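# Structural features, examined
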Amino acid sequence: MKVLLLVVLLLSGALAQAKNVILFVGDGMGISTVTAARIYAGQKQGLAGEEYQLSFDKFGNVALIKTYNTDAQVADSAGTITALMTGEKTKIGVLGVSDQVLQGNCVSALQAERPTLLELAEVMGKQTGIVTTTSITHATPAGAYAHSASRNWESDATLPAEAAAAGCRDIARQLAEFSFGDGPEVVLGGGRAHFLPQSEVDPEYPDVKGVRQDGRNLITDWQAAGKARQYVWNQSQFDALDPQASGQVLGLFEPSHLKFEADRATDAQGEPALVAMTDFAIRKLQHARQGYFLLVEGGRIDHGHHAGNAYRALEDAVALDAAVARAVELVDLADTLIIVTADHSHTLTISGYPTRGNPILGKVVPPDSRLFAGDAPPPYTTLSYANGPGYQSGFPDLTEVDTQAHDYRQIAAVPLPSETHAGEDVAAFAEGLNATGVRGVMEQNRLFHVMHEALFGKGR
């Protein structure tokens, strides 16, 4: 019945010539993060930084995106990726379902499922891929293939017994048992533990085991479900992959999320950079005769911000930019749409008045002390957070503190164990086929329709 619904939706418009769409999501990459990352990237190259351009800064079409969920002024990643993947805004914390869902209620979710852009592409014979630096079961990548009343149902270990009894499947299982088309051709990210049983030791970490309680190894189940399917879990295996080879590829490089870009070199078995995974995915998909859809997430930007650590957030934002730049080099923009956006923002702020070229992670050094009324203030940083773990009682003396240290947490105004998302609009940058649809101030779910038209022509 669901496959029939997908076909009806697709055939409701005149199908266009095969086209490709690549959606880049910088998780938590609000406008202040884009600005700070631009300066940071430029300063890493010896420039003042403010004049630098990220690869997507050069895109000719830009919009402001309204990110709210239907029940939340400040959104989460599950509700926002659902808007992007299904064309409908929904509640906070749910995946691939309409606003009619009751959070945590399996039966209501089964009745409220909405087809995703990746499912639509698979039904129509296009190839698809998902690349992320988080667990592949995390909200943003899961939003491409999963339908769930809770983003937290990543494995059966967190799926309530009543939900399982009512017929709901955990998110990892939904990927392993994906039934649209022949399934994604490329899936690269983390999250091995959600696919392995509790009895099985992780191949990289002897003290880590899988978390599944049903005894299933979903990796071997996935391999057995198709011809010439390849599974890799470390850098050397990834490097040996041939993008020209037939068959599908699943790469799970960590039990949970991949390492931050700043820490990736410390991985004993190695894990590929986001730019390398993006490069592989595009080169594998670009020969698809019917075109392809690819979702690429820089997911750990968000995690750096939640930790109050702007350094790691910015390093991962620059890593996403490198992946975008590589995509622009590889594709033909005459038949490909590239969109770069964020699912939501964070509470990162950029304070006055540092002099031009002042280190973006450094302390404020003003060009003119007269910018401050009265005595000069005590040392403070350009970047700070409205809330989070960096809170300190009173005003800390930063005179001898290295605020550019990799583990430094920027000061936060409100004490919270984890910094929160923010609710202001995010930016969307677009180039290529149908990119002119990304302009002005847009509801987030409208981006789905821009991508849908690029892939399938007018309709829906």
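Computed from a predicted structure; not experimentally measured.

Definitions and limits used
Residues numbered from 1 in each chain as written. Predicted model: local features only at pLDDT ≥ 70, side-chain atom pairs only at ≥ 80, totals over all residues. Heavy atoms only, no water. Pairing = 2+ DSSP bridges. Helix = DSSP H or I, 4+ residues; strand = E, 2+ residues; numbered from the N terminus. Axes fitted to C-alpha atoms, helices over the stretch in contact; angles between N-to-C directions. Contact = heavy atoms within 4.5 Å. Parallel < 35°, antiparallel > 145°, perpendicular 65-115°, else oblique. Left-handed = near helix turned anticlockwise from the far one by under 90°. Nonpolar A, V, L, I, M, F, W, Y, C, P; charged D, E, K, R; others polar. Disulfide = S-S within 2.5 Å. Buried < 20%, exposed > 50% of the residue type's maximum accessible area, 1.4 Å probe, protein only.

## Focus on the sheet that holds strand β12 (residues 412-415)
- If you walk across this open sheet you meet the three strands as β10-β11-β12, and the pairing is mixed. The open sheet is flanked by β10 (348-350) and β12, the only strands paired with a single partner. Averaged over neighbouring strand pairs, the angle between their axes works out to 20° when direction is ignored.
- Alignment of strand β11 (residues 383-388) against β12, held across three bridges, turns out to be parallel. Bridge pairing in β12 places Y385 opposite A412.
- Across the sheet, helix α2 (residues 31-44) is in contact with β10 and β11; its angle to β10 comes to roughly 55°.

## Brief notes about the packing of helix α11 (residues 274-285) against helix α13 (residues 310-330)
- Put simply, α11 and α13 touch, their axes get as near as 8 Å, and they point 25° apart. In terms of their interaxial angle, α11 and α13 are classed as roughly parallel. Here α11 and α13 pass one another in a crossing that is right-handed. Contact residues: L274, V275, T278, D279, I282 and R283 in α11; A319, L320, A322, A323, R326, A327 and L330 in α13.
- In terms of residue class, the contact of α11 with α13 is made up of nine nonpolar, one polar and three charged.

## Quick word on the state of the cysteines
- Considering all chains together, one arrives at one disulfide under this definition.
- Between the sulfur atoms of C106 and its disulfide mate C168 the distance is 2.0 Å. Judged by the torsion about the S-S bond (105°), the C106/C168 disulfide is right-handed. You can see C106 sitting in helix α4 (residues 106-111) and its partner C168 sitting in the loop between α7 (161-165) and α8 (171-176), a full 62 residues away along the chain.
- Judged by relative accessible area, C168 falls into the buried class, the value being 10%.

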